[in-house]
Amino acid sequence: MRTARNRENRGKRLNPYTKAGIIIFCLVLCGTVAYKTITLREQSSAYDKQIEQLKEQRSDLKEEQQEIKEFKKRVNTDSYVEEVAREKLGLVHEGEIIFRPEEK
């Protein structure tokens, strides 16, 4: 059952100020969503660049790690120990003669 009041309200139109308020609210809402979308896309782009940089850094570190492993293997050899003893410490084998240029 419909009351007389419902019949009266159905025929009423919205106030022009109410319509303008609703339109302004919708425009502000759409503007806010658009702004946030643009901001999030910029952040996403920045994060993608950062990910690429980190991937490059990771590959560089893996290469460096491999070089360190190879150096570690080399350090444990007798030839490396002998090389360091000759160059850095100036040691020689027994009976070896060292020839040095004269200093002027």
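Rules and cut-offs
- Residues numbered from 1 in each chain as written.
- Predicted model: local features only at pLDDT ≥ 70, side-chain atom pairs only at ≥ 80, totals over all residues.
- Heavy atoms only, no water.
- Helix = DSSP H or I, 4+ residues; strand = E, 2+ residues; numbered from the N terminus.
- Buried < 20%, exposed > 50% of the residue type's maximum accessible area, 1.4 Å probe, protein only.
- Areas by Shrake-Rupley, 256 points an atom, 1.4 Å probe, with all protein chains shown as cover.
- Salt bridge = Lys/Arg side-chain N within 4 Å of Asp/Glu carboxyl O.
- Patch = residues over 30% accessible without salt bridge, like charges linked within 9 Å, V, L, I, M, F, W, Y side chains within 5 Å.
- Lys, Arg positive; Asp, Glu negative; His and termini not counted.
- Charge placed at Lys NZ, Arg CZ, Asp CG, Glu CD.
- pLDDT = per-residue confidence, 0-100.
- Phe/Tyr/Trp six-rings, centres within 6.5 Å; stacked < 30°, edge-to-face > 60°.
- Axes fitted to C-alpha atoms, helices over the stretch in contact; angles between N-to-C directions.
- Parallel < 35°, antiparallel > 145°, perpendicular 65-115°, else oblique.
- Contact = heavy atoms within 4.5 Å.
- Disulfide = S-S within 2.5 Å.

**Student:** So what exactly am I meant to see when it comes to the overall build of the chain here?
**Tutor:** Helix and strand content of the chain: three helices and zero strands. Start at the N end of the chain and walk to the C end: the helices and strands fall as α-α-α. A buried classification covers 2% of the 104 residues belonging to the chain. Surface exposure of the chain reaches about 10,900 Å², of which carbon and sulfur atoms provide 56%.

**Student:** Explanation requested: the pattern of salt bridges in the structure shown.
**Tutor:** Pairing between side chains of opposite charge can happen when the charged atoms of each approach one another. Enumeration over the complete set of coordinates arrives at three salt bridges. Of the charged contacts in the structure, one is a salt bridge between Arg74 and Glu83, with a shortest N-O distance of 3.0 Å. Residue classification places Glu83 among the partly exposed positions, given a relative accessible area of 30%. Note that Arg86 is salt-bridged to Glu82, the shortest N-O span being 3.4 Å. Note that Arg86 and Glu82 are positioned in helix 3 (residues 78-87) at a spacing of four residues, about one turn of the helix.

**Student:** Looking at this structure, how should I read a negative patch on the surface?
**Tutor:** A cluster of acidic residues, Asp48, Glu52, Glu56, Asp60, Glu63, Glu64, Glu67 and Glu70, forms a negative patch on the protein surface. Among the structural elements, Asp48 can be located in helix 2 (residues 16-75). Looking at Asp48, the relative accessible area reads 45%, which means it is partly exposed.

**Student:** Just to check I follow, could you spell out the confidence of the model for the chain for this structure?
**Tutor:** Regions with low pLDDT should not have their predicted coordinates read in detail. Of the residues in the chain, 89% have a pLDDT of 70 or more, and the chain-wide mean is 88. No element of the chain has a lower mean pLDDT than helix 1 (residues 4-11), which averages 59, and none a higher one than helix 2, which averages 97.

**Student:** Explain the packing of aromatic side chains to me, please; I cannot follow it from the model alone.
**Tutor:** Any aromatic ring pair is given by two values, namely how distant the centres are and how the planes are angled relative to each other. Counted according to the given criterion, the structure contains one aromatic pair. Each ring, one from Phe71 and one from Tyr80, has its centre 5.8 Å from the other, and the planes form 85°; the classification is edge-to-face.

**Student:** It is not clear to me how the packing of helix 2 against helix 3 should be interpreted in this structure. Could you clarify?
**Tutor:** At a closest axis distance of 6 Å, the pairing of helix 2 and helix 3 adopts a crossing angle of 80°. Here helix 2 lies roughly perpendicular to helix 3, going by the angle between them. Contact with helix 2, carried on its side by Phe71, Arg74 and Val75, involves Tyr80, Val81 and Glu83 of helix 3 and no other residues of that element.

**Student:** Help me understand the state of the cysteines, please; the structure alone is not making it clear to me.
**Tutor:** Put plainly, two cysteines are in a disulfide when a covalent bond ties their sulfur atoms together. For the coordinates displayed, the defined rule picks out zero disulfides. Free of any disulfide, Cys26 has its nearest cysteine sulfur in Cys30, 6.5 Å distant. Classification of Cys26 as partly exposed rests on a relative accessible area of 38%. Residue Cys30 is classed as exposed on the basis of its relative accessible area, which comes to 53%.

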